[in-house]
Amino acid sequence: MHGLLLGGFTSPDNSEKYAYLINEWREGSNTNPSEILGISRENPHVESYRSFGNHRIATHLRKSGWDIECIDYGMFFTNDELVQIISERVTKETLFIGFSMMFFTPSIERIKWITDHIREKYPWVKIVSGGQKTWVVSCVDSDYFITGNGEYAMDALLEYLSGKGPEPRISDTLKNGGQLIKSQHSYPCFPKRDASISLEDRDFIQENETLNVEFARGCIFTCKYCSFPLLGMKQDTTRYEDSLYEELLENYERWGITNYYVTDDTINDSKDKISLIARAVRRLPFQPQFSGYIRADLLIRHGRETWQDMIDIGLTSHHYGVESFNYESAKSVGKGMKPEEMQSGLLEIKDYFEKNSHSYYCGIFSMIAGLPYETFESLDRGKEWINENWTDNYVGYFPLYLQQKPGENADDMDKQVYDNFMEYGYTYSEEMPFIGDKSMNAEMTRHKEFLKSHEMNRNWWTHPSGDYDFIDMVEWTKEFDESRVELGVPQLGTWQTNYIHAETYKNPEENRKYYKSFGKSMPFIPLINIIRQYKRNKLS
C-alpha cells in the first residue's frame with residue numbers, strides 16, 4: 001500500500017508568490033534573497049526546514065511494509081508543480097495523502113485548492129492532517145485529523161482504511177465532517193525509545209542541510225502559559241543511546257549531515273539525559289552541532305560538568321525561555337529562579353561557552369510581557385539589564401497571548417492555560433479596544449479577523465492590576481524591539497542555524513562571524529540553492 005506525506009506549508013501568506021520567486025531567482029538578480037524565503041521581521045518562522053512529522057510517520061509506517069514518500073518545502077512549489085508531483089505518484093494503491101502541520105499557516109485557501117483537486121481526481125484517496133494542535137491541523141480540509149505524536153494513531157487509521165482493523169477511536173467530529181483522533185489519549189506514543197528517522201534516496205538530502213532530531217518526547221514541566229500536550233511527564237522519555245548514535249551515524253555516512261535542530265520541548269531536563277546524549281555523540285567519527293530549547297535555570301544549577309557535556313555534544317546554540325526578570329511573575333508561571341541568580345548565571349554561561357565551544361556559541365532568550373505581577377517598572381528594569389548585558393545575542397519580548405473562551409478547536413491544554421490565567425484575575429473582551437495609533441489599529445484589525453476565522457478569539461485581555469492591557473504590551477514590546485535595533489543587536493538565533501550552516505558547513509567555526517555580525521550579512525543564498533535543487537530532483 002502507498003501513501004504521500006506533504007509538509008512545509010507555513011507561508012507568510014496565501015499565495016504561490018514564494019514558489020514563483022524561487023523558480024525565477026538567479027544569483028546576481030535584484031530580488032532580496034530574504035524576500036524569496038519569505039523572511040521578515042514580522043514573519044521569521046516560515047517553513048525553511050524540512051518537515052519533521054512527515055518523515056517521523058513515514059519511517060514508522062515503512063517498518064510495516066508501507067511505501068511512503070515525503071514531499072518537503074510545500075510553500076516553494078507552485079500549485080501546478082504540486083499537481084504534477086501528485087499525478088506522477090498516485091495510483092490505485094494510494095490509500096492516503098497526509099499533511100504535516102507543525103505550525104499554523106495562512107495558506108488555508110491554497111491548501112483547500114489542493115485537497116479539492118485530490119478529491120476530484122482521486123476520490124478513493126483519504127486526506128489526513130497531523131500536528132500538535134487541533135486548530136492547526138484543521139487548517140487542512142481533511143477526512144481525518146490526528147493531534148499529538150501520531151505513529152500508533154496512524155497504524156490504527158490505516159488498518160481501518162485498508163479493511164484490516166476496526167474503526168479507530170474518534171475523539172470528535174469537526175465542522176467539515178472530518179474525524180479527530182487525539183492520539184495522546186487514544187493512542188499514546190510515549191516514551192518512544194527508538195524515535196529514529198531514516199531518510200531515503202528520493203528525499204535528496206544535501207550535505208549542507210540542517211535536519212531535525214528528537215532526543216526525548218514530552219516535558220517534565222507544566223509552565224502555566226504552555227499548551228503543548230505532553231507536559232508534567234513523570235517518567236524519563238529519553239531515547240536509547242544506540243538508537244540516537246545509529247541515526248546520527250547513518251545521516252553522516254549517507255548524506256554528510258552534521259547539523260541538527262533538536263525538537264525536544266526541553267533538551268536539558270536532566271543531567272542523566274545530557275550524559276547519555278554525550279556518550280552517543282562521543283562514539284561518532286565526526287563533530288556534530290545542535291541547536292534547541294534549553295531551560296536556563298537548570299543549566300545554571302546543573303553546573304559545568306553538564307556544560308562540558310553539551311560542548312562535547314556540539315550543543316552550543318541555545319534558546320532560553322526566561323520569560324521575566326520579575327521574581328513573582330516568573331514564579332507564577334513556573335520559572336522560579338531569583339532574577340539576580342538568573343542574570344549572573346546567564347553571564348557565566350555565555351563566558352564559559354564562548355571560551356570553550358568548538359565552533360561558536362549562540363544564546364538567545366525569549367520574554368513574555370504582561371505576566372501576573374508584572375509592572376511597567378519591572379519590565380523597564382528587565383529591558384535595562386538586557387540592553388546593558390546581552391547585546392551580542394538576540395532577545396525576543398512578546399506580549400502575553402491568551403486563549404479566550406476556548407471553542408471547538410481548542411485542545412485540553414488550551415483550556416488549561418485559559419483557566420490558569422483566569423485564576424489570576426485577567427479579564428477578557430471579545431471587542432478590540434480603541435487604539436490611537438492608526439497603523440497599529442489596522443494591524444490589530446487584520447489580526448482579529450485572522451483569529452476569528454479560526455475560532456481563536458485571543459488577546460483582548462486586561463491585566464489583573466488594571467494598569468495595562470494587551471495593546472499596551474504590544475506597544476511596549478515594539479518599543480523594546482526598536483531599542484534593540486538602535487543597538488545593532490543580532491536579529492538571528494537558534495532557528496536560523498540552517499541558513500548559516502548551509503554556508504559554513506565545511507568550516508563551522510565561521511559561524512562565529514555571522515553571529516557576531518549582528519545578522520547584517522545573513523547567507524540566505526545557499527539555502528535557496530538547497531531548496532531549488534530539491535525541487536529539480538523531485539520534479540524530474
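Below, the structure is looked at part by part.

Quick notes on the rules
- Residues numbered from 1 in each chain as written.
- Predicted model: local features only at pLDDT ≥ 70, side-chain atom pairs only at ≥ 80, totals over all residues.
- Heavy atoms only, no water.
- Helix = DSSP H or I, 4+ residues; strand = E, 2+ residues; numbered from the N terminus.
- Contact = heavy atoms within 4.5 Å.
- Areas by Shrake-Rupley, 256 points an atom, 1.4 Å probe, with all protein chains shown as cover.
- Salt bridge = Lys/Arg side-chain N within 4 Å of Asp/Glu carboxyl O.
- Axes fitted to C-alpha atoms, helices over the stretch in contact; angles between N-to-C directions.
- Parallel < 35°, antiparallel > 145°, perpendicular 65-115°, else oblique.
- Left-handed = near helix turned anticlockwise from the far one by under 90°.
- Nonpolar A, V, L, I, M, F, W, Y, C, P; charged D, E, K, R; others polar.
- 1 Å grid on protein atoms, 1.4 Å probe; cavity = no way out; pocket = protein on both sides within 12 Å on 5 of 7 lines; lining within 4 Å.
- Points joined across faces, edges and corners; volume = space filled by probe spheres on them.
- Buried < 20%, exposed > 50% of the residue type's maximum accessible area, 1.4 Å probe, protein only.
- Pairing = 2+ DSSP bridges.
- Polar contact = N/O pair within 3.5 Å; in protein donor to acceptor, adjacent residues only side chain to side chain.

**Side note on the overall build of the chain**
In terms of regular secondary structure, the chain is built from 21 helices and 15 strands. A fraction of 78% describes how many contacts in the chain between residues 6 or more apart in sequence connect residues 24 or more apart. When the accessible surface of the chain is summed, it comes to about 21800 Å², and 48% of that surface belongs to carbon and sulfur atoms.

**Topic: the pattern of salt bridges**
Evaluation of the coordinates by the stated rule reveals 34 salt bridges. Ionic pairing is found between glutamate 241 and arginine 279, a salt bridge with its closest N-O pair at 3.1 Å. Of the two residues, glutamate 241 sits in helix α9 (residues 241-255) while arginine 279 sits in helix α10 (residues 271-282), which places them 38 residues apart along the sequence. Taken together, the shared-partner salt bridges connect Arg62, Asp67, Glu69, Glu88, Arg89, Glu200, Arg202 and Lys538 into one network.

**Looking at the packing of α9 against α10**
At their nearest, the axes of α9 and α10 sit 9 Å apart, and the two run at 40° to each other. The orientation of α9 with respect to α10, classified from their angle, is oblique. Handedness of the α9/α10 crossing: right-handed. Contacts between α9 and α10 involve Glu241, Leu244, Tyr245 and Leu248 from the former and Leu276, Ile277, Arg279, Ala280 and Val281 from the latter. Of the residues contributing to the contact of α9 with α10, the split by class is 7 nonpolar, no polar and 2 charged.

**Looking at empty space enclosed by the protein**
If you walk through the whole model with that rule in mind, you get 5 cavities of 30 Å³ or more. Quantified by volume, the largest cavity comes out at close to 120 Å³. Lining of the largest cavity is provided by Tyr49, Arg50, Ser51, Phe52, His55, Ile197, Leu199, Thr210, Leu211, Asn212, Glu247 and Asn251. Residue assignment for the lining of the largest cavity shows that the elements contributing at least two residues are β8 (210-213) and α9. Examining the composition of the lining of the largest cavity, we find that 3 residues originate from one element, β8, more than from any other. Residues of the lining of the largest cavity, tallied by class, amount to 5 nonpolar, 5 polar and 2 charged. Empty space within the second largest cavity amounts to approximately 60 Å³.

**Overview of the environment of leucine 299**
Positionally, leucine 299 belongs in helix α11 (residues 296-302). For leucine 299, a relative accessible area of 0% gives the class buried. Once you skip the residues sitting within four places of it in the chain, leucine 299 turns out to touch Asn268, Ile294, Trp307, Met310, His318, Tyr320 and Ile349.

**Considerations on unusual backbone geometry**
Residue proline 191 follows phenylalanine 190 across a cis peptide bond; omega there is -5°. Its location among the elements puts proline 191 in the loop between α8 (183-186) and β8. Located in the positive-phi region is tyrosine 73, a residue other than glycine, with phi close to 55°. Notably, tyrosine 373 is not glycine yet its phi reads approximately 70°, a positive angle. Within the secondary structure, tyrosine 373 sits in the loop between β12 (362-369) and α15 (376-389). Taking relative accessible area as the criterion, tyrosine 373 reaches 48% and is therefore assigned partly exposed.

**Notes on the sheet that holds strand β4 (residues 126-131)**
An order of β2-β1-β3-β4-β5-β7-β6 is seen for the 7 strands of this open sheet, with the pairing classed as mixed. Every interior strand has two partners, whereas the edge strands, β2 (67-71) and β6 (172-173), have only one. Sheet topology note: the strand β3 (residues 94-100)/β4 ladder contains 5 bridges and is parallel. By the bridge assignment, glycine 98 is partnered in β4 with valine 128. Across the sheet, helix α3 (residues 53-62) is in contact with β1 (2-7), β2 and β3; its angle to β2 comes to roughly 170°.

**Description of the sheet that holds strand β9 (residues 259-262)**
Ordered in space as β8-β9-β10-β11-β12-β13, the 6 strands form an open sheet in which the pairing is parallel. The open sheet is flanked by β8 and β13 (395-399), the only strands paired with a single partner. Across this sheet, the average inter-strand angle for adjacent strands is 20°, counted without regard to direction. Note: strand β11 (residues 315-323) against β12, 6 bridges, orientation parallel. From the neighbouring strand, serine 317 faces β12, where its bridge partner is cysteine 362. Lying over the sheet, helix α18 (residues 470-487) contacts β12 and β13, oriented at roughly 165° with respect to β13.

**Overview of the side chain of asparagine 393**
Secondary-structure assignment places asparagine 393 in the loop between α15 and β13. Within polar-contact distance, the side chain of asparagine 393 engages the side chain of aspartate 392 at 3.3 Å. Beyond its immediate sequence surroundings of up to four residues, asparagine 393 is in contact with Lys350, Tyr361, Cys362, Gly363, Arg484, Val489 and Pro490.

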